[in-house]
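Structure at a glance
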Amino acid sequence: MKEPLRYHSTRHAEPAVPISQAIAAGLAPDGGLYVPERLPSIDPAAFDPHGSLADTAATLLAPFFADDPLTDELAAICTEAFTFDAPLRALPAHPNTMMLELFHGPTSAFKDFGARFLAACLRRLPRNDARPLTILVATSGDTGAAVAAAFHRQPGIRVVILYPDGLVSPRQAHQLGCFGDNVTALRVAGRFDDCQRMVKTALNDTALQAQLPLSSANSISLGRLLPQMSYYAHAAVGWWREHGTPLNFIVPTGNLGNALACLWVRELGLPVGAVRLACNANATLPDYFAGAAYTPREAVATLANAMDVGAPSNFERLRWTFPDENRLRDLLRADSVADATIRQTIATHAHEYGEVFCPHTATAMHRLDRLRDEGDTSPWAVVATAHPAKFESVVEPLIGQRLAVPPALAAMLARSASASPLPATDMALQEWLTTA
Ligand SMILES: *Cc1c(COP(=O)(O)O)cnc(C)c1O
């Protein structure tokens, strides 16, 4: 009988807590991020060759939930969360090139996987407080909608989304404001960093918390990170069964949540080959991997707005995973892709091959184009993090045609939407929360 896995902060090894406690808490009490005491090893042969993504997730996550109150519910949680696929689609015009499409969920971006899994866990965890729980989310565009969709109409939960007014795409803004019921969207007169600071201040305000129970659902939650491993495992194990080789991945990266999930899958012993990070003009990670000291900075606005991050929140987890800095720099590469290159990549692939990518996905596709130029012929999966129709104001002028809208997104766009304006101050949010 193996010891159950426990979780501690990236900053201190004690106290170690069970997974359900780490998921319920979000951030560790010392301000660090929860990590497992160790990463278990998993045999690729353990997965059912005919299993669905939900089946892969349940097998993959079983050792992470062993002996926890949620263990018996894990299969049901996976089935409830993963109601859509993450297909690995070969690009006909490009040999050995796959798209890992993560945008088939209700809000057309990969954040649906984590948000729905987290919601399915939280629904099952007991709360010893009869008052409604307010979930605060700061979003640069995609997280807010995924969390809202995952918790929409859930009794006992209120979702409050803060987004930077004018800095998300028109369709992202519509999505954020279209839920109603227990979801409120606040358009903040500031930037994403302001939204994030306002949420953090509110969460750390003990007087406010005593009045109004608050929680978060941002990307540092283990309840979002762990399930994101599932689609990498599903794709890599499927590829390995068919071809007998590992599959390489290029991941569009902002806060490092999606890429870290991929790296963890490799650490578990599953057949993930090389991993490369594609960033936008926010070059904190590319500079670090080029040998500079880690220097967080203010984010700049780019076409790939969900990756406009100057201080990647999961960097602390990356350092915990690879404590030896030299080894880490050997293992990973990160590249910065400018807006002009994003535009060019979208236009070229549309005109030459009839393939349309969202601006985030285009950063990764550009990296692969360069690798192919350099003569690399190995199998790569480009991770497609959002549907291009979500960013129509960027993509449509470049490709010179209208994009078909996926049904779930079309349904949201058909609803009316509204968001309340809010000044970018901590005081303004506190006042809004206590009077709304
Ligand atoms: C959130 C997001 C990213 C960045 O993911 P991280 O986990 O923050 O690195 C990339 N693309 C899209 C479309 C996103 O919504």
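Above this text you will find the structure in question.
Calculation criteria
Residues numbered from 1 in each chain as written. Predicted model: local features only at pLDDT ≥ 70, side-chain atom pairs only at ≥ 80, totals over all residues. Heavy atoms only, no water. Helix = DSSP H or I, 4+ residues; strand = E, 2+ residues; numbered from the N terminus. Rg over C-alpha atoms; globule rule 2.2 N^0.38 Å. Buried < 20%, exposed > 50% of the residue type's maximum accessible area, 1.4 Å probe, protein only. 1 Å grid on protein atoms, 1.4 Å probe; cavity = no way out; pocket = protein on both sides within 12 Å on 5 of 7 lines; lining within 4 Å. Points joined across faces, edges and corners; volume = space filled by probe spheres on them. Pairing = 2+ DSSP bridges. Axes fitted to C-alpha atoms, helices over the stretch in contact; angles between N-to-C directions. Contact = heavy atoms within 4.5 Å. Near = heavy atom within 4 Å. Polar contact = N/O pair within 3.5 Å; in protein donor to acceptor, adjacent residues only side chain to side chain. Areas by Shrake-Rupley, 256 points an atom, 1.4 Å probe, with all protein chains shown as cover. Parallel < 35°, antiparallel > 145°, perpendicular 65-115°, else oblique. Left-handed = near helix turned anticlockwise from the far one by under 90°. Phe/Tyr/Trp six-rings, centres within 6.5 Å; stacked < 30°, edge-to-face > 60°. Lys NZ or Arg CZ within 6 Å of the ring centre and 35° of its normal.

Time to look at the overall build of the protein chain. Looking only at helices and strands, the protein chain has 19 helices and 13 strands in total. For a compact globule of 436 residues, the expected C-alpha radius of gyration is about 22 Å, and the protein chain comes in at 21 Å, within 12% of that figure. For the C-alpha atoms alone, the extent of the protein chain along its principal axes is close to 60 × 60 × 45 Å. Within the protein chain, buried positions represent 58% of all 436 residues.

Attention shifts here to the layout of surface pockets. Considered as a void within the structure, the second largest pocket measures approximately 310 Å³ in volume. Residue lining of the second largest pocket: 18 residues in total, with L88, H234, A235, G238 and W239 positioned closest to the centre. Of all the elements in the fold, those that place two or more residues in the lining of the second largest pocket are α2 (53-65) and α10 (229-243).

Take empty space enclosed by the protein next. In this structure the tally under the stated criterion is 1 cavity of 30 Å³ or more. The calculated volume of the largest cavity comes to roughly 50 Å³. Every residue lining the largest cavity is listed: T253, G254, C279, N280, N282, T284, L285, P286, M307, V309 and P312. Sort the elements by how many residues they give to the lining of the largest cavity and helix α12 (residues 284-289) lands first, with 3 residues.

This next bit is on the sheet that holds strand β6 (residues 157-164). The 5 strands lie next to each other as β8-β5-β6-β7-β13, forming an open sheet whose pairing is parallel. What marks the edges here is a single partner per strand, and that holds for β8 (214-216) and β13 (420-423). Taken over all neighbouring pairs, the strand axes of this sheet differ in orientation by 30° on average, direction set aside. Sheet topology note: the β6/strand β7 (residues 183-189) ladder contains 6 bridges and is parallel. Residue pairing for β7: V159 is matched across the bridge by V183. Contacts from helix α5 (residues 142-151) reach β5 (133-138), β6 and β7 within the one sheet, and its direction differs from that of β6 by about 165°.

In the vicinity of the ligand, 15 residues are found, and the nearest of them are K111, D142, G254, N255 and T385. A distance of 3.1 Å is found between an oxygen atom of the ligand and a backbone nitrogen or oxygen belonging to G257. Here the ligand, which alone exposes 380 Å², has 97% of that area covered by the protein.

What follows deals with the packing of α2 against helix α3 (residues 74-81). The geometry of α2 relative to α3 is characterised by a closest axis approach of 9 Å and an angle of 140° between their N-to-C directions. Taken together, the axes of α2 and α3 are oblique relative to one another. In terms of crossing hand, the pair formed by α2 and α3 is right-handed. Of the residues in α3, those in contact with A54, A57, A58, L61, A62 and F65 of α2 are L74, A75, C78 and T79.

Here the focus is unusual backbone geometry. Residue P15 is bonded to the preceding E14 through a cis peptide linkage, with omega at -10°. Among the secondary structure elements, P15 is positioned in the loop between β1 (7-9) and α1 (19-25). Phi at R153 is positive, roughly 65°, even though this residue is not glycine. Mapped onto the fold, R153 is located in the loop between α5 and β6. We note that L256 has phi near 75°; this positive angle belongs to a residue other than glycine.

This paragraph deals with the packing of aromatic side chains. The tally for this structure, following the rule as stated, stands at 11 aromatic pairs. Each ring, one from Y231 and one from Y232, has its centre 5.0 Å from the other, and the planes form 50°; the classification is tilted. With a relative accessible area of 1%, Y231 lands in the buried category. Summarising the aromatic geometry, the rings of Y294 and F315 are spaced 3.7 Å apart at their centres and angled 5° between planes, so their arrangement reads as stacked. Placement of the pair is Y294 in the loop between α12 and α13 (315-321) and F315 in helix α13, with a sequence separation of 21 residues. On the basis of relative accessible area, Y294 is assigned to the partly exposed category, the value being 27%. By relative accessible area, F315 is classed as buried at 7%. Counting every residue linked through ring pairs, the aromatic cluster contains F82, F84, F113, Y231, Y232 and F249. Against the face of Y288 rests R329, its NZ or CZ located 4.1 Å from the ring centre. A cation sits over an aromatic face here: R415 above F179, 5.7 Å from the ring centre.

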